[in-house]
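Secondary and tertiary structure notes
Each chain, written out:
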Amino acid sequence: MKIGFVGLGLMGRPMALNLARAGHELHLWARRPASLEPFAEVHAHAHVSAAEVARHARIVFTMVADAPDVAQVALGEGGIAEGAGPGTVIVDMSTIAPAAARDIGVRLLAHGIDFLDAPVSGGEVGAINAALTIMVGGKASVFEEIRPLFEKLGKSATLIGDSGAGQVAKACNQILTGVGVAAVAEAFSFASKSGVDPAKVREALLGGFAYSKILENHGQRMLDRNFKPGFKSWMHQKDLRIVMEEAHGLGLMLPSAAATAQMLNAMVGSGLGEEDSIAMLKLLERMSGQE
Amino acid sequence: MRLGFIGLGAMGRPMALQLLRAGHQLELWARRPDSLRPLLEQGARACASPAELAGCAEVVFTMVTTSDDVAAIALGPDGLIQGAPAGSIHVDMSTISPQAARRIAGRLAEKDIAMLDAPVSGGVAAARAGTLAVMVGGEAGIFSRVRPLLETLGKTIVHVGGHGAGQVAKACNQMVMVASIEACAEALRLAAASGVDAGRVRSALLGGAAGSVVLEVFGGRMAARDFQAGVEARLHHKDFAILMHEASRLGCPLPVAGQVWQQINALMAHGWGGLDSVSLLKVLELAHA
């Protein structure tokens, strides 16, 4: 099948490669030509614009940074809508605000284009290993059409609900992972300052009700002092900004997420933005004089 | 002097009146022409659009709600930019984001129109009395020219810095003020939960190091259980979105403000946005049997 893909960054590149390896013909556009280099070995065509991609492929995936980027690629000058024929589907796998996703979906429908919001969880490793968790909002019939492609990208794809519902699920995911990382970092900081080995604490807790993948995986990386991303803190900061702005609009009280968002602000402001969000441990150590 | 004024709400109306009373010719425009009537009776003139208004005023004041409102009035199809002569001045006294203020100033500068961001603090009472605190961002030369007009409106007028600096100061003001209201609400809630009279706690505290204008004014309303606005909580809610967005953009942690924001979100959820921000006390009471 001919498939368009726009947004070949840390996540998008391995995802597009997985689609190519599954035997699909890729049609690509990238702002930076260097992003196209990894595709020299696979069946892929480069184009001069997203509109041109849409002229060659009825299904176009996007994986970019934020809502204005999605809107630009989909609806802007030289965007997908300009080149789209009948029955075009845009599958946006970026993490953006639910309200923005709904708005883009409505505007695309006016061009006769179907839109799925399909953000992912699982990070770069999940993207490389086709083991992502995909949360989808949009029409059920469109979801069913795209499902076989989702299966090449992830280990689960769930239709959560109407347009925007995928982004709501992703926002929930970011609350849980953000607050979860903060909780593990605080527990380790607490143990260390109390003169107790956090590795022993982790080992003991893994058997009980406090078990979580975050305690197991992120916790181990904290103990190894391995702060390489993974998932960069500036991106987690962006995602929690989306969560908090959505909460503002809904009149919703999210005190733990708010505290975590402020810690991510502090990380970005103090130069930890390019490190994994588990570097929250470093921030806590700095604030409590544990360095 | 020939002045323009747009935005005749609870704050704008008394401010426009102060300028009229000081002897200036006032040109007005409003989305709802009804809101002009009281001022027209005092000698102000109505214009058909912001563009037309800008054509007959040396300095135009705006006092509206959101960044989008200011952008539409200044830069829209019938906006100030379409009619303002080169060398005229736009003084925006609304509370909007510093980024939006800088962006609008930049666009106006292309047409040689100067802009000041000049948000105020003090509420309706200070607007009526002409005793607002005015915090100004923009060029010093422009500030000097407009200062006599601002002195008609306020008693503390500070040139804080370049474009957007007034809005930064206002964001700081809102953070300190609403966090203080929350602190008062929590203190008085603790007093009440302990079976101690909240009003007497307030009276005792006013004389000490915890004494503040917020404890006096807002604490007084809490003790009297007077939740009628003053300042509508929905406006503080709006301001928090601005300042928390700035904090995120700048990588600047504001842990207390982040929590206060959540309390105002809860306030909004209960439909109390039209009440005074002392309703933060009612939010705390939700968690009390």
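Note that this is a predicted model, so its numbers are computed, not measured.

Rules used throughout
- Residues numbered from 1 in each chain as written.
- Chains lettered and ligands numbered in written order.
- Predicted model: local features only at pLDDT ≥ 70, side-chain atom pairs only at ≥ 80, totals over all residues.
- Helix = DSSP H or I, 4+ residues; strand = E, 2+ residues; numbered from the N terminus.
- Rg over C-alpha atoms; globule rule 2.2 N^0.38 Å.
- Buried ≥ 20, exposed ≤ 12 C-beta atoms within 10 Å, placed from the backbone.
- Contact = placed C-beta atoms within 7 Å.
- Nonpolar A, V, L, I, M, F, W, Y, C, P; charged D, E, K, R; others polar.
- Expected span 1.5 Å × (residues − 1).
- Bend = angle between axes of the 7 residues up to and from the residue.
- Domains from an automatic or database assignment.
- Axes fitted to C-alpha atoms, helices over the stretch in contact; angles between N-to-C directions.
- Parallel < 35°, antiparallel > 145°, perpendicular 65-115°, else oblique.
- Left-handed = near helix turned anticlockwise from the far one by under 90°.
- Pairing = 2+ DSSP bridges.
- Right-handed = clockwise from strand over helix to strand, strands pointing away.

**Observations concerning the overall build of chain B**
Each helix and strand in chain B was counted, giving 14 helices and 9 strands. At 20 Å, chain B has a C-alpha radius of gyration in line with the 19 Å of a compact globule built from 289 residues. When its C-alpha atoms are laid out on the principal axes, chain B stretches across 65 × 45 × 35 Å. In chain B, buried positions account for 49% of the 289 residues. Restricting the contact set of chain B to residue pairs at least 6 apart, pairs at least 24 apart contribute 64%.

**Concerning the interface of chain A and chain B**
Each side of the interface is counted separately: chain A has 21 residues, and chain B has 18 residues. When residues of the side of chain A that touches chain B are traced back to their parent elements, those giving at least two are α11 (233-250) and α12 (255-269) of chain A. For the side of chain A that touches chain B, the leading source of residues is α12(A), giving 10 residues. Taken together, the residues that form the side of chain A that touches chain B break down as 12 nonpolar, 7 polar and 2 charged.

**What about helix α8 (residues 140-153) of chain B?**
Residues and elements named next belong to chain B. Taking 1.5 Å per residue, 14 residues should reach 20 Å; α8 reaches 19 Å between its end C-alpha atoms and fits that length. Largest kink in α8: about 50°, centred on Arg147, with the proline Pro148 one to four residues after it. Within the sequence span of α8, burial applies to Phe143, Val146, Leu149, Leu150 and Leu153. Those residues of α8 hidden inside the fold are in contact with α1 (12-21), β4 (59-62), β5 (89-92), β6 (114-117), β8 (132-137) and β9 (154-161).

**Comments concerning the domain arrangement of chain A**
Residues and elements named next belong to chain A. Under the domain assignment used here, chain A contains domain 1 (2-161) and domain 2 (168-287). For domain 1 versus domain 2, the separation of C-alpha centres amounts to 29 Å. With 10 residues of domain 1 at the contact, the number on the domain 2 side is 13 residues. Of the residues contributing to the side of domain 1 that touches domain 2, the split by class is 6 nonpolar, 3 polar and 1 charged.

**Looking at the environment of Leu206(B)**
All names here are of chain B. Checked against the element boundaries, Leu206 lands in helix α10 (residues 198-206). Residue Leu206 is classed as partly exposed on the basis of its 14 C-beta neighbours within 10 Å. For Leu206, the residues in contact, after removing those within four places along its chain, are Gly211, Leu215 and Glu216.

**Thoughts on the domain arrangement of chain B**
Residues and elements named next belong to chain B. Domain annotation of chain B identifies domain 1 (2-162) and domain 2 (168-286). With 8 residues of domain 1 in contact, the opposing surface of domain 2 contributes 10 residues. Classifying every residue of the side of domain 1 that touches domain 2 gives 4 nonpolar, 4 polar and no charged.

**A word on the packing of helix α9 (residues 165-193) of chain B against helix α11 (residues 213-223) of chain B**
Two numbers describe a pair of packed helices, the interaxial angle and the distance between the axes. Residue and element names in this part refer to chain B. In the contact formed by α9 and α11, the axes pass within 10 Å of each other and the chain directions differ by 45°. Classified by the angle between their axes, α9 and α11 sit oblique to one another. Crossing geometry of α9 relative to α11 is assigned as right-handed. Listed contacts from α11 to Met177, Ser180, Ile181, Cys184, Ala185 and Leu188 of α9 are Val214, Leu215, Phe218, Gly219, Met222 and Ala223. Of the residues belonging to the contact of α9 with α11, the class tally is 10 nonpolar, 2 polar and no charged.

**Things to note about the environment of Arg145(B)**
Residues and elements named next belong to chain B. In this fold, Arg145 is placed in helix α8. For Arg145, a count of 14 C-beta atoms within 10 Å puts it in the partly exposed group. In this structure, the C-alpha to C-alpha distance between Arg145 and Ser212, residues 67 residues apart in sequence, is 34 Å.

**Re the pairing of strand β1 (residues 2-6) of chain B**
Residues and elements named next belong to chain B. Among the 5 residues in β1, 4 count as buried, and that is most of the element. In this sheet, strand β2 (residues 25-29) lies alongside β1 in parallel orientation, the contact comprising 5 bridges. Residue pairing in the sheet places Ile6 in a bridge with Trp29 of β2. Read from β1 through α1 to β2, the crossover connection turns out right-handed. Sheet topology places β1 next to β4; 4 bridges connect them, and they run parallel.

**Description of unusual backbone geometry**
Residue and element names in this part refer to chain A. At the junction of Pro229 and Gly230, the peptide bond is cis and its omega measures out at 15° in the coordinates. By the element assignment, Gly230 lies in the loop between α10 (213-223) and α11. Positioned with a positive phi, Ala130 is a non-glycine residue whose angle comes to about 55°. Tracing the backbone through its elements, the reader meets Ala130 in the loop between α6 (123-128) and β8 (132-137). In this structure, Arg225 is a non-glycine residue whose phi angle is positive, near 55°. Counting through the fold element by element, Arg225 comes out in the loop between α10 and α11.

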